[in-house]
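Geometric and topological summary
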Amino acid sequence: MIQGELVVDNFAGGGGASTGIEMATGISVDIAINHDPEAIRMHKVNHPGTKHYCESVWDVDPVQVCNGHPVALAWFSPDCKHFSKAKGEKPKDKNIRGLAWVALRWAGKVRPRVIMLENVEEFKTWGPLNRRHRPIKAKQGYTFRKFVSQLEALGYVVEYRELVAADYGAPTMRKRLFLIARCDVRPIVWPEPTHATASSPQVAAGIKRPYLGAHTQIDFSLPCPSIFDTAEEIKRKYGIRAVRPLAPKTLERIARGLKKFVLDNPEPFIIQYNHGGNRNFVVMPTLIQYHSETSKDETRGQQVTEPIMTVDGSNRYGLVTSFLQKYYDGGYKGNGADISDPLPTVTTKDHNSLCVATLIQMNNHCDGRDIEQPLPTITSGDGHFGEVRAFLIKYYGQGIGQDIKDPLDTVTARDRFGLVSIAEVDYQIADIGLRMLEPKELYGCQGFPDDYIIDHDSTGKAYPRSEQVRRCGNAVCPPIPAALVNANLPELCVAKRTGNIKLTEEYGGQIRFG
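Here the residue numbers are simple positions, counted from 1 along each chain's written sequence. Predicted model: local features are reported for residues with pLDDT of at least 70 only, side-chain atom pairs are reported and counted for 80 or more only, and whole-chain, interface and lining totals are derived from all residues. To get the side-chain values, all heavy atoms of the structure are used, and hydrogens and water are removed first.

1. Topic: the overall build of the protein
The helix and strand labels rest on DSSP assignments: H or I over at least four residues marks a helix, E over at least two residues marks a strand, and numbering proceeds from the N terminus. Along the protein, the regular secondary structure elements total 14 helices and 19 strands. Burial classification: accessible surface area is computed with a 1.4 Å probe over protein chains only, and a residue below 20% of its type maximum counts as buried, one above 50% as exposed, and the rest as partly exposed. When burial is assessed residue by residue, the protein has 55% of its 514 residues classed as buried. All accessible areas in this document rest on Shrake-Rupley with a 1.4 Å probe, and a residue is counted as covered only by the protein chains that are shown. For the protein, the accessible surface area stands at approximately 23,100 Å², while carbon and sulfur atoms represent 50% of it.

2. Details of the pattern of salt bridges
We count a salt bridge whenever a side-chain nitrogen from Lys or Arg sits within 4 Å of a carboxyl oxygen from Asp or Glu. A complete count under the given rule lists 21 salt bridges for this structure. Between arginine 497 and glutamate 22 there is a salt bridge; the shortest N-O distance is 3.4 Å. Separated by 475 residues along the polypeptide, arginine 497 in the loop between helix H13 (479–488) and helix H14 (503–506) and glutamate 22 in helix H1 (residues 16–25) bring together distant segments of the chain. Residue aspartate 451 is joined to arginine 497 by a salt bridge in which the shortest nitrogen-to-oxygen separation is 3.1 Å. Placement of the pair is aspartate 451 in the loop between helix H11 (439–446) and helix H12 (465–474) and arginine 497 in the loop between H13 and H14, with a sequence separation of 46 residues. According to the relative accessible area criterion, arginine 497 is partly exposed, its value standing at 21%. Ionic contacts of the salt-bridge type, sharing partners, join the residues Glu5, Arg113, Arg182, Asp184, Arg186 and Glu491 into one network.

3. Remarks on the sheet that holds strand E4 (residues 71–76)
Pairing within the open sheet is mixed, and its seven strands lie in the order E3-E2-E1-E4-E5-E7-E6. With partners counted over all chains shown, the strands left at the sheet margins are strand E3 (51–53) and strand E6 (157–164), one partner each. For this sheet the average axis-to-axis angle between neighbouring strands, irrespective of direction, equals 15°. In terms of strand pairing, strand E1 (residues 6–9) meets strand E2 (residues 31–33) through two bridges, oriented parallel. Counterpart to aspartate 9 in the pairing with E2 is alanine 32. We call two residues in contact when some of their heavy atoms are within 4.5 Å. Between N-to-C directions, angles cover 0 to 180 degrees, with each direction set by a line fitted to C-alpha atoms, over the stretch in contact for helices. Where helix H6 (residues 142–153) meets the sheet, it contacts strand E5 (114–119), E6 and strand E7 (175–182), and its direction lies at approximately 25° from that of E7. Relative to E7, H13 is tilted by about 25°, and along the sheet it contacts E4, E5, E6 and E7. Pairing between strands requires that DSSP locate at least two bridges from one strand to the other.

4. Section: the pairing of E5
Of all the six residues making up E5, six are buried; the element is thus mostly covered by neighbouring parts of the structure. The alternating pattern of E5 places Val114, Met116 and Glu118 on one face and Ile115, Leu117 and Asn119 on the opposite face, and all of these are buried. Relative to E5, E4 runs parallel, the two being bridged by four bridges. Its bridge partner being in E5, phenylalanine 76 is matched across the sheet by leucine 117. In this sheet, E7 lies alongside E5 in antiparallel orientation, the contact comprising six bridges. Within the sheet, the bridge partner assigned to isoleucine 115 lies in E7 and is alanine 181.

5. Considerations on the confidence of the model for the protein
Here the protein averages 78 in pLDDT, while 72% of its residues score no lower than 70. Within the model, the stretch residues 362–382 combines pLDDT values under 50 with 45 contacts to residues more than four positions away or in other chains. Counting contacts from residues 501–514, a segment whose pLDDT is below 50, to residues more than four positions away or on other chains yields 23 contacts. The score called pLDDT rates the predictor's confidence residue by residue, from a low of 0 to a high of 100.

6. Quick word on the pairing of E1
The side-chain alternation of E1 yields two buried faces, one formed by Leu6 and Val8 and the other by Val7 and Asp9. One ladder, built from four bridges, connects E1 with E4; its direction is parallel. Its bridge partner being in E4, valine 8 is matched across the sheet by alanine 74. By the criterion used throughout, a crossover qualifies as right-handed when its path from the first strand across the helix to the second strand runs clockwise, the strands pointing away from the viewer. Crossover connection from E1 via H1 to parallel E2: handedness right-handed.

Rendered as structure tokens:
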């Protein structure tokens, strides 16, 4: 409670909105409500001072839980999946679509000074359903307008806008609709973006900071198994499990991503990488998405120097990293450059992967041929060299395709399959690795603080990876509620967030936090 007023987080989930509010005020929200026990577990370990209600928002009486105290802020993030375009043409659930009405209940019973609501952009199309439980196109937006008008009838001024998380410092391009309603006479304030693209004149002038890249949250020291290794070989080499063989669509996405963001990239983004032995690699990382393409030649991916696209509960991003190895008189030498852009939106399912393409410098003494000359026939006996070249030819070389176990057909260098030029030095892809993004990386891309606890509850019980990912994709990106609260309720912003170090004393230091 701040200055005698309560802050309430309805649909609290894993705590994205609550964390953002805490980032602004320095204090945990007073009340958090969610029907999902798993969500409450994660919220409770990160916000132990909050009163938690694990039940439907409709079963919580605002008057009873507030116990006579005034409410400064009531936050609402109702389930969005029955509005999102990702739901497609599947039947909608009118009960889930109607969860936002609970905001009117709070407005009528305890009259929060400020109400904030977050949802997908399609929330504005909220309208009635037909008998097949599909939206009536002629009445799109009817219910949303009614919702707004009823808030206004209760004495609230209402405004809404779409905001992008990357504009406020999160390494994701996640865009959501935000609605603000207030009844305390004060004006609604929309915070100015603090970040922009690196090429923006405002960034050049020092007015804004450049977008945070996905690379800032990715751990490049983790092993990234070859797509050509079997599951058994990966287990033996790294002691980890990996899905092999990969699905054809995944291989196609990798190939398209390599072509667009590595082979055809005029300004490749590189870093130095040393992973075992005495070999230094130059790495060219990119991201692939596991979302279905809308056309045959579409590339669902991006460079890591940009914010990640929207993260959802299915972890649909894979990190593709191209390793470039330089040869000098039999030794190895690598020079790296900085990496610097945000990760895209993350989903709640575990579909995010890291893909690594290793490129090796092409010298006359290294591969024996001038790149202007036709390449010789290469057999699978050359190890991953042959596998990679066959892979590249199959997916975008001559367009004919062949089994990678067979000897590679003679191909001219004109197709430049697998060749990359950096600073007038040619490299060739020698191997391609792929791994799933870790939950910690996804939470970082959503804008959660480094100390946010995602792997266990307040008793030390482990939190399953699938639940970690699902909570992440469903979470509000904390930097936006932080910015909204700072702009509209500055009187509540009385301290700085101290992080989860405060929990160690409460639980006797038995749990490792942060």
